[in-house]
Amino acid sequence: YQREYFASYHDKSILIRFTASEPGKLSFNLQQQFPDNRQQTLDWQNSQSMADGQLIVQGKLNDNQLGFASALIWRLDGGEATLSGNQLQVRNANQVELILTAATDYANQYPAYRGESASNKIKTILSGLQNKSWQAIWRDHLADYQSLFN
């Protein structure tokens, strides 16, 4: 098995790719968990084949009402994905790409300290990732990184 990870500042995302050494040998369950001090709603969006899809979670902290949102995108090569409650179940895949992004509505602006909604920020990030391949995200990440550290 091979695991690849990187965080892209350019695309405001964390990317994870799992590849099985043999066809159809990649199976796992994935679930996002949140602490008790917040309320959230889940919105599963997927293609009919379930090979590609996304989970969007939105909510607010109970104490100060800070808004948050996250999105998990999955892309499968082979196998199948099913949804059970708030859990993504992947079975018999060859490769799985996961893209995670998150945002809050915090802004350093007195007195409210709130800015653009977290869900709007996530929608903007997702629109930039919608048709972007792993390789394209990696190339943009490298260009961004190398402009600072090369």
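Colleague: Describe the overall build of the chain, and please don't skip the residues or the numbers.
Modeller: When its secondary structure is counted, the chain shows 2 helices and 9 strands. Across the 150 residues in the chain, those meeting the buried criterion constitute 38%. Computed over 13 positive and 14 negative side-chain charges, the separation of the two mean positions in the chain equals 2 Å.

Colleague: Could you give an account of the side chain of serine 8, naming the residues involved and the relevant values?
Modeller: In this fold, serine 8 is placed in strand β1 (residues 2-8). Within the structure, the side chain of serine 8 is placed 3.0 Å from the backbone nitrogen of aspartate 11, a separation counted as a polar contact. Among all residues touching serine 8, those that are not within four sequence positions of it are Ser13, Leu15, Ile137 and His141.

Colleague: Can you explain unusual backbone geometry? Please cite residues and give values.
Modeller: Here the residue pair tyrosine 110 and proline 111 is connected by a cis peptide bond, since its omega of 5° sits within 30 degrees of zero. Among the secondary structure elements, proline 111 is positioned in the loop between β9 (95-104) and α1 (118-129). Despite not being glycine, lysine 12 shows a phi value in the positive range, around 50°. Along the polypeptide, lysine 12 turns up in the loop between β1 and β2 (13-19). Phi at tyrosine 113 takes a positive value of approximately 60°, unusual for a residue other than glycine. Inspection of the secondary structure assignment puts tyrosine 113 in the loop between β9 and α1. When its relative accessible area of 30% is taken as the criterion, tyrosine 113 is described as partly exposed.

Colleague: Which residues make up the packing of aromatic side chains, and what values do they have?
Modeller: A full pass over the atoms with the stated rule returns 7 aromatic pairs. Both rings, one in tyrosine 106 and one in tyrosine 113, keep their centres 6.3 Å apart while their planes meet at 5°; by these two values the pair is stacked. In this structure tyrosine 106 comes out as partly exposed when scored by relative accessible area, which is 43%. Cluster of aromatic residues (ring-pair linked, three or more members): Tyr5, Phe18 and Phe28. For the cation-ring pair, lysine 12 lies above tyrosine 9, with the distance from its terminal atom to the ring centre recorded as 5.7 Å.

Colleague: Account for the sheet that holds strand β7 (residues 80-84), with residues named and values stated.
Modeller: Read from one edge to the other, the open sheet built from 3 strands follows the order β3-β8-β7, with strand pairing classed as antiparallel. Bordering the open sheet on either side are β3 (26-31) and β7, each of which pairs with just one other strand. Averaged over all pairs of adjacent strands, the angle between their axes in this sheet comes to 15°, without regard to strand direction. Where β3 lies against strand β8 (residues 87-93), 5 bridges are found, and the strand directions are antiparallel. Within β8, the position partnered with glutamine 31 by the bridge is glutamine 87.

Colleague: Now, about the nonpolar core: what can you tell me, with residues and values included?
Modeller: Leu26, Trp74, Val90, Val96 and Leu98 are the most contacted members of the largest nonpolar core, which has 17 residues in total. Of all the secondary-structure elements, those providing two or more residues to this core are β2, β3, β5 (52-61), β6 (67-77), β8 and β9. Look past the residues within four positions of valine 96 in its chain and what remains in contact with it is Ile16, Arg17, Phe18, Leu26, Phe28, Arg75, Leu76 and Val90. With 15 residues, the next largest nonpolar core counts Phe6, Ile73, Ala103 and Leu129 among its residues.

Colleague: Please set out the pattern of salt bridges residue by residue, giving values where relevant.
Modeller: Applying the stated criterion across every chain yields a total of 6 salt bridges. A salt bridge links glutamate 97 to arginine 75, with the nearest nitrogen and oxygen atoms 3.9 Å apart. With glutamate 97 in strand β9 and arginine 75 in strand β6, this pair connects stretches of sequence that are 22 residues apart. Of the two residues, glutamate 97 and arginine 75, neither departs from the other in class, the shared state being buried.

Each value, and the rule that gives it
- Residues numbered from 1 in each chain as written.
- Predicted model: local features only at pLDDT ≥ 70, side-chain atom pairs only at ≥ 80, totals over all residues.
- Heavy atoms only, no water.
- Helix = DSSP H or I, 4+ residues; strand = E, 2+ residues; numbered from the N terminus.
- Buried < 20%, exposed > 50% of the residue type's maximum accessible area, 1.4 Å probe, protein only.
- Lys, Arg positive; Asp, Glu negative; His and termini not counted.
- Charge placed at Lys NZ, Arg CZ, Asp CG, Glu CD.
- Polar contact = N/O pair within 3.5 Å; in protein donor to acceptor, adjacent residues only side chain to side chain.
- Contact = heavy atoms within 4.5 Å.
- Phe/Tyr/Trp six-rings, centres within 6.5 Å; stacked < 30°, edge-to-face > 60°.
- Lys NZ or Arg CZ within 6 Å of the ring centre and 35° of its normal.
- Pairing = 2+ DSSP bridges.
- Axes fitted to C-alpha atoms, helices over the stretch in contact; angles between N-to-C directions.
- Core = buried A, V, L, I, M, F, W, Y, C linked by side-chain atoms within 4.5 Å.
- Salt bridge = Lys/Arg side-chain N within 4 Å of Asp/Glu carboxyl O.

Everything listed is a geometric property; what it means functionally is a separate question.
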